[in-house]
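Architecture and fold: a report
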Amino acid sequence: MAPNKPAYDPELAVVLDAFPAGDITPESIPALRKMQNDAANLEITLSGNEPFTHQEKTFRGPNGPVTISLFYPKDKATTPRPAIYHMHSGGMICGNRFTFFKDPLRWAKAAGAVAITVEYRLAPENPFPAGLNDCYAGLQYVAEHAAELGLDADRLMVSGQSAGANLAAAVAIMARDRKGPKLCGMLLDCGMYDDRGKTASINQYVKDGTWTRGSNETAWTAILGSQVGKANVDPLAAVARQTDLGDLAPAYISVGSAEGFRDENVELAKKIWAAGGQAEVHVWPGGYHCFDMLAPDAAISKACIQAKVAWAKKTLSEPLSKL
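Residues numbered from 1 in each chain as written. Predicted model: local features only at pLDDT ≥ 70, side-chain atom pairs only at ≥ 80, totals over all residues. Heavy atoms only, no water.

1. Observations regarding the UniProt feature "domain: Alpha/beta hydrolase fold-3" (unreviewed entry) in the protein
As annotated by UniProt and renumbered to match this structure, "domain: Alpha/beta hydrolase fold-3" (unreviewed entry) occupies residues 85–292. Along residues 85–292 the backbone is 34% helical and 18% strand, and the end-to-end C-alpha distance reaches 20 Å. (UniProt positions renumbered as here; feature names shortened; annotations may be inferred. Helix = DSSP H or I, 4+ residues; strand = E, 2+ residues; numbered from the N terminus.)

See the structure below:
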């Protein structure tokens with residue numbers, strides 16, 4: 001018998017009907033990467049008269065060269081700008097630094113911020129902790145070179161979507177434990193935090209939606225190998241395993257009610273609250289994974305997009321020292 005579960009929003013369901021069905025398998029990863037890379041590049045990111053200029057920086061990280069893209073508002077700045085440091089989606093097995101990056105550009109446009117995105121190494125060729133090391137190295141580079149990059153180091157926010165949200169949260173934990181860089185916020189969108197596959201929601205959406213339970217298992221196995229689901233997994237690899245989420249920057253957590261990651265996102269917020277932190281949580285009724293990116297014209301998607309814009313603008317409006 002199929003489990004009871006929240007229904008999809010009717011507007012979103014129409015778009016989902018056209019989405020390719022089935023699980024991602026190890027064999028399908030190369031084709032998926034090609035599809036996502038064809039759909040996300042610099043030219044596409046700047047299309048539609050986006051009011052940004054682009055710079056690229058490459059530097060040495062723990063596992064080799066790391067590249068970041070920086071998108072600067074075209075209007076002239078008289079003071080250092082706040083910055084958004086973003087980690088893309090794709091299950092840590094696909095995607096690139098331009099994947100769905102028009103979303104962070106919206107936040108940057110509203111806040112007068114520089115939007116930065118990192119090209120991190122993908123699994124299974126580069127299992128944990130390679131991708132995370134790239135992301136943290138990028139954050140360090142941005143903070144250490146803030147003055148020459150025209151950035152306000154007191155208004156530096158991390159963000160991530162899906163697997164990128166897991167990376168963003170892990171980077172924030174590393175920054176806390178390693179005494180820097182300082183962060184003013186974490187925008188965590190439909191995060192993929194738990195390799196164990198035990199929540200109610202991941203077992204409600206087994207074969208449907210835009211990210212199935214089988215796709216999740218493929219991704220986590222690529223990231224963790226034979227350790228997936230076992231007790232000794234590093235909590236930085238799967239943030240749902242963290243026991244201490246205290247002393248982190250304020251978080252914004254967004255997720256759909258009709259997706260496999262719903263429960264691990266809500267649980268993350270509960271852990272932040274239990275540790276005395278701040279987390280603003282939005283569970284969007286009938287939303288599937290990445291619904292607002294895939295069906296941006298739906299009413300619920302527009303509300304979700306605007307809520308993220310508002311939070312980012314508010315969070316980046318004042319230096320860390322005044323928060």
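The structure having been displayed, the exposition proceeds.
2. Quick look at the pattern of salt bridges
Counted under the stated rule, the structure contains 23 salt bridges. Arg176 is the partner of Asp244 in a salt bridge, and the nearest nitrogen-oxygen pair spans 3.8 Å. Placement of Asp244 in the loop between α8 (213–224) and β7 (251–256) and of Arg176 in helix α7 (residues 163–177) is noted, with a sequence separation of 68 residues between them. Classification of Asp244 by relative accessible area gives partly exposed; the value is 41%. In this structure Arg176 comes out as buried when scored by relative accessible area, which is 17%. Here Arg196 and Asp194 are joined by a salt bridge, their closest N and O atoms 2.8 Å apart. A relative accessible area of 10% places Asp194 in the buried class. Through salt bridges with shared partners, a single ionic network connects Asp103, Arg106, Asp189, Asp292 and Lys308. (Salt bridge = Lys/Arg side-chain N within 4 Å of Asp/Glu carboxyl O. Buried < 20%, exposed > 50% of the residue type's maximum accessible area, 1.4 Å probe, protein only.)

3. A word on the environment of Gly287
Inspection of the secondary structure assignment puts Gly287 in the loop between β8 (279–284) and α10 (291–294). Spatially, the C-alpha atom of Gly287 lies 37 Å from that of Ala146, the residues being 141 residues apart in sequence. If near-sequence neighbours (up to four positions away) are discounted, Gly287 is found in contact with Leu12, Gly256, Ser257, Ala258 and Glu259. (Contact = heavy atoms within 4.5 Å.)

4. Section: empty space enclosed by the protein
In total, this model carries 5 cavities of 30 Å³ or more according to the counting rule given. Put simply, the largest cavity is a space of about 90 Å³. The wall of the largest cavity is formed by 15 residues, among which Met92, Gly131, Leu132, Leu167 and Ile223 lie closest to the centre. Of all elements in the fold, only α5 (130–144) and α7 reach the threshold of two or more residues within the lining of the largest cavity. Among the residues forming the lining of the largest cavity, the class breakdown is 11 nonpolar, 3 polar and 1 charged. (1 Å grid on protein atoms, 1.4 Å probe; cavity = no way out; pocket = protein on both sides within 12 Å on 5 of 7 lines; lining within 4 Å. Points joined across faces, edges and corners; volume = space filled by probe spheres on them. Nonpolar A, V, L, I, M, F, W, Y, C, P; charged D, E, K, R; others polar.)

5. Side note on the packing of aromatic side chains
Under the criterion given, the structure shown has 6 aromatic pairs. Ring plane angle 80 degrees and centroid distance 5.7 Å describe the contact between Tyr8 and Tyr288, whose orientation is recorded as edge-to-face. Of this pair, Tyr8 sits in the segment before α1 (10–16) while Tyr288 sits in the loop between β8 and α10, and the two are 280 residues apart along the sequence. A residue is classified by how much of its surface remains accessible, and Tyr288, at 1% relative accessible area, is buried. Summarising the aromatic geometry, the rings of Tyr252 and Trp311 are spaced 5.6 Å apart at their centres and angled 50 degrees between planes, so their arrangement reads as tilted. Here the residue Tyr252 occupies a position in strand β7, and Trp311 occupies one in helix α11 (residues 299–315), the gap between them amounting to 59 residues. The residues Tyr252 and Trp311 share a single accessibility class, namely buried. Connected via pairs of aromatic rings, a cluster forms that spans Tyr8, Tyr205 and Tyr288. A cation sits over an aromatic face here: Arg178 above Tyr136, 5.0 Å from the ring centre. (Phe/Tyr/Trp six-rings, centres within 6.5 Å; stacked < 30°, edge-to-face > 60°. Lys NZ or Arg CZ within 6 Å of the ring centre and 35° of its normal.)

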